[in-house]
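Residues per chain, in single letters:
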There are 2 protein chains.
Amino acid sequence: MKKITITGSGNVAQHLIKEVLRHPQLQLLQVWARHPEALEKLQLPSNIICTNIQLLQPTDICILAVSDNGIAEVSDQLPFNGQLVVHTSGTLPFSVLNSRHKRGVFYPLQTFTKEKDIDFKSIPFCLETEYEEDFEVLEEVAQLFSEAVYKISGEQRKNLHVAAVFVNNFVNHLYTIGSQICSDSHIPFAILKPLIKETTAKLEHLTPFDAQTGPAVRHDTKTIEKHLDFITDSLTKTIYQNLTQSIQNYHVKKF
Amino acid sequence: MKKITITGSGNVAQHLIKEVLRHPQLQLLQVWARHPEALEKLQLPSNIICTNIQLLQPTDICILAVSDNGIAEVSDQLPFNGQLVVHTSGTLPFSVLNSRHKRGVFYPLQTFTKEKDIDFKSIPFCLETEYEEDFEVLEEVAQLFSEAVYKISGEQRKNLHVAAVFVNNFVNHLYTIGSQICSDSHIPFAILKPLIKETTAKLEHLTPFDAQTGPAVRHDTKTIEKHLDFITDSLTKTIYQNLTQSIQNYHVKKF
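The notes below deal with the structure included here.

Scoring rules and cut-offs
- Residues numbered from 1 in each chain as written.
- Chains lettered and ligands numbered in written order.
- Predicted model: local features only at pLDDT ≥ 70, side-chain atom pairs only at ≥ 80, totals over all residues.
- Heavy atoms only, no water.
- Helix = DSSP H or I, 4+ residues; strand = E, 2+ residues; numbered from the N terminus.
- Buried < 20%, exposed > 50% of the residue type's maximum accessible area, 1.4 Å probe, protein only.
- Contact = heavy atoms within 4.5 Å.
- Lys, Arg positive; Asp, Glu negative; His and termini not counted.
- Charge placed at Lys NZ, Arg CZ, Asp CG, Glu CD.
- Core = buried A, V, L, I, M, F, W, Y, C linked by side-chain atoms within 4.5 Å.
- Buried area = accessible area lost by both parts, 1.4 Å probe.
- Salt bridge = Lys/Arg side-chain N within 4 Å of Asp/Glu carboxyl O.
- Polar contact = N/O pair within 3.5 Å; in protein donor to acceptor, adjacent residues only side chain to side chain.
- Axes fitted to C-alpha atoms, helices over the stretch in contact; angles between N-to-C directions.
- Parallel < 35°, antiparallel > 145°, perpendicular 65-115°, else oblique.
- Nonpolar A, V, L, I, M, F, W, Y, C, P; charged D, E, K, R; others polar.
- Expected span 1.5 Å × (residues − 1).
- Arc of directions from axis to C-beta.
- Least-squares fit on C-alpha atoms with pLDDT ≥ 70 in both.
- Pairing = 2+ DSSP bridges.
- Phe/Tyr/Trp six-rings, centres within 6.5 Å; stacked < 30°, edge-to-face > 60°.
- Lys NZ or Arg CZ within 6 Å of the ring centre and 35° of its normal.

Take the overall build of chain A next. Regarding its fold elements, chain A presents eight helices and eight strands. Judged by the C-alpha coordinates and their principal axes, chain A covers about 65 × 40 × 30 Å. Looking at chain A as a whole, 59% of its 255 residues are labelled buried. Long-range contacts, defined as pairs at least 24 residues apart, comprise 53% of the intrachain contacts of chain A with a sequence gap of at least 6. Side chains of chain A give 24 positive and 28 negative charges; the mean places of these two sets differ by 4 Å.

Right, here's the structure in full:
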């Protein structure tokens, strides 16, 4: 039975805590958080919650599910040496962790919302360890959680995180812009949801490059001009222009 | 039994032809296309395909599923008067149609790909007619196709089309950018697909505004700087900056 310690109380920490508790092969040894009140609704046994970081015990894997800015400090304060300590950040190298530890990364590539349960099974886990011999330990745990476990180097992970910002954060913001346009015109946003679903569903059969449609790729200048006339917010207009130009650049380059 | 005539041979025309043929309440009277060879694989009875537009007969609804640029010309050439003639454009008013006809719009808000079958049931149809009394006829047909039929004015439809460009064309292009970053780093694009699915699935429970996550909304300047350093293509960098700024504008405005 592997002993797992988790630090943090945010979205990722909470989902990981719940997931560890689901697996009899794992023991949730301790949880430490700067803001333990955020964990109250998980109703953890009181002997698991640790309010003083100095009381954390040696463990098989200590997962630092804290914000990027907090990782170095928390890893400095851990009161043990030579244990496997991993962070869950998509952007930072394992070297931000104190070198007293055997270091690694345990990055679940997903968007976590507290309000919504997550099925870990399909979440890709990107793993990296400082020492080859620790990889298997981390992989064993990740494979309990998920069917999609990848060995991803620090360099690859950085790139992947940028890609994730485009396909998740920025895509979601385009949904927000779409919903704003609808609400300005007294149209229910629901009318766009089938289109949103289909845009994603297409990726199962086509590359996004091949799936591209719309006025930009058709070089339909008349429609593009009309749309630009219609958009009043100047930053939204710039976004429309840049994305149109980028679509045209991609599709010129490749044909 | 309503008689339907369709002109056009593109994605929308082909899907509409197939859909009309599915409903015993409808009769596909004639199909005319400038490029009838594109319709060959539909294996329509030869008496339906019409190679000379002058031979089109009066019909209950004539649907012009042709490109925006072709609508006015085709409507001018139709050899009958006073029939209900509708186009399928998201951007143009019904007034582009020749005023000899009773005019209207029959706009399916979806992205059509020839290679992929479409279930019309969930596709929103946006309807508009010049004369109130024609609305019911058009609505009756749309309701055979779909459970989501909306009365949408010309002004609303224009706005909706801009919103659709954001949530479909531009979203898809962000997928392309993400897939390019992956391929540059020798990472399978598949690793991003669960994240893409979850981004969309969240919309069933949350508004996109409330679902926003990522470095922009967190004002995580350190991560944003790192990402910008990493992106080499200058237009992609500008898109990253603009979308980040837009996320921050939206979330400042509303809090």
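Having seen it, we continue.
Moving on, we come to the nonpolar core. Within the largest apolar cluster, 104 residues are counted, with the highest numbers of intra-cluster contacts made by Phe 166 and Leu 192 of chain A together with Phe 166 and Leu 192 of chain B. Apart from residues no more than four positions distant in its own chain, Leu 192 of chain A is found in contact with Gly 178 and Cys 182 of chain A together with Leu 109, Leu 160, Ala 163, Ala 164 and Val 167 of chain B. Core analysis: the next-biggest nonpolar cluster, separate from the first, contains 32 residues, Ile 4, Leu 16, Ile 123 and Leu 127 of chain A among them.

Residues and elements named next belong to chain B. Positive phi outside glycine occurs at Gln 43, with the angle close to 50°. Residue position: Gln 43 is located in the loop between strand E2 (26–32) and strand E3 (49–50). Relative accessible area serves as the criterion here: at 69%, Gln 43 is assigned to the exposed category.

Here we take up the interface of chain A and chain B. On the chain B side, the residues contacting the 89 residues of chain A number 89 residues. The junction of chain A with chain B conceals about 8,500 Å² of combined surface from both sides, 69% of it contributed by carbon and sulfur atoms. By the criterion of area lost to chain B, the three top residues of chain A are Phe 166, Val 167 and Ile 191 of chain A, representing 8% of everything that side buries. Counting across the interface, chain A meets chain B through two salt bridges. Here Lys 197 of chain A and Glu 204 of chain B are joined by a salt bridge, their closest N and O atoms 3.9 Å apart. Taken together, chain A and chain B are joined by 29 residue pairs in polar contact (both at pLDDT 80 or more).

Attention shifts here to the packing of helix H4 (residues 154–184) of chain A against helix H4 (residues 154–184) of chain B. H4 of chain B packs onto H4 of chain A with a crossing angle of 180° between their chain directions and a minimal axis gap of 9 Å. Viewed along their axes, H4 of chain A and H4 of chain B adopt a mutual orientation that is roughly antiparallel. Here the contact of H4 of chain A with H4 of chain B is composed, by residue class, of 24 nonpolar, four polar and no charged.

Residue and element names in this part refer to chain B. All told, the structure shown has 19 salt bridges over all chains when counted by the stated rule. Across the pair Lys 2 and Glu 140 runs a salt bridge whose closest N-O atoms are separated by 3.6 Å. Of this pair, Lys 2 sits in strand E1 (residues 2–7) while Glu 140 is found in helix H3 (residues 132–145), placing the two residues 138 residues apart along the sequence.

Further remarks concern H3 of chain B. Residues and elements named next belong to chain B. The terminal C-alpha atoms of H3, which comprises 14 residues, lie 21 Å apart, in line with the 20 Å expected from a rise of 1.5 Å per residue. Asp 134, Phe 135, Leu 138, Val 141, Ala 142 and Phe 145 are the residues of H3 that are buried. The buried residues of H3 occupy an angular sector of 140° when projected down its axis, which confines them to one face. Facing away from the buried side of H3, by more than 90 degrees, are the exposed residues Glu 133 and Glu 136.

It is at 10 Å that the axes of helix H5 (residues 193–201) of chain A and helix H5 (residues 193–201) of chain B come closest, and there the two elements cross at 175°. Classed by the angle they form, the pair H5 of chain A and H5 of chain B counts as roughly antiparallel. Residues Ile 196, Lys 197 and Thr 200 of chain A of H5 of chain A pack against Ile 196, Lys 197 and Thr 200 of chain B of H5 of chain B. A class-by-class count of the residues in the contact of H5 of chain A with H5 of chain B yields two nonpolar, two polar and two charged.

Mapping chain A onto chain B is achieved by rotating through 180° and translating by 0.0 Å along the same axis, at an RMSD of 0.0 Å. The superposition operator between the copies reduces to a two-fold rotation axis. Considering only C-alpha atoms, the residue of chain A closest to the rotation axis is Val 171 of chain A, which sits at 2.7 Å. Counting the interface residues of chain A, we find that 100% of their copies in chain B are interface residues as well, pointing to one common contact surface.

All names here are of chain A. Across the sheet, which stays open at both edges, the eight strands sit in the order E3-E2-E1-E4-E5-E6-E7-E8 with mixed pairing between neighbours. Either end of the sheet is taken by a strand with one partner, and the two such strands are strand E3 (49–50) and strand E8 (149–151). The pairing of strand E1 (residues 2–7) with strand E4 (residues 61–64) spans four bridges and is classified as parallel. By the bridge assignment, Ile 4 is partnered in E4 with Ile 61. Of the strands in this sheet, E1, strand E2 (26–32), E4, strand E5 (84–87), strand E6 (102–108), strand E7 (125–129) and E8 are in contact with helix H3 (residues 132–145), which crosses E7 at around 160°.

For the rest of this paragraph, the subject is the packing of aromatic side chains. Scanning the model with the defined rule gives 16 aromatic pairs over all chains in all. Considering the side-chain rings of Phe 170 of chain A and Tyr 240 of chain B, the 5.0 Å spacing of their centres and the 75° angle between planes classify their relative orientation as edge-to-face. Residue Phe 170 of chain A is found in helix H4, and its partner Tyr 240 of chain B is found in helix H8 (residues 234–254); the two belong to separate chains. Ring geometry for Phe 120 of chain B versus Phe 125 of chain B: centroids 5.8 Å apart, planes at 25°, classification stacked. For Phe 125 of chain B, a relative accessible area of 0% gives the class buried. Put simply, the rings of Phe 106, Phe 120, Phe 125 and Phe 145 of chain A pair up and form one aromatic cluster. Here the guanidinium or amino end of Lys 151 of chain A rests over the ring plane of Phe 135 of chain A, the centre of that ring lying 4.6 Å away.

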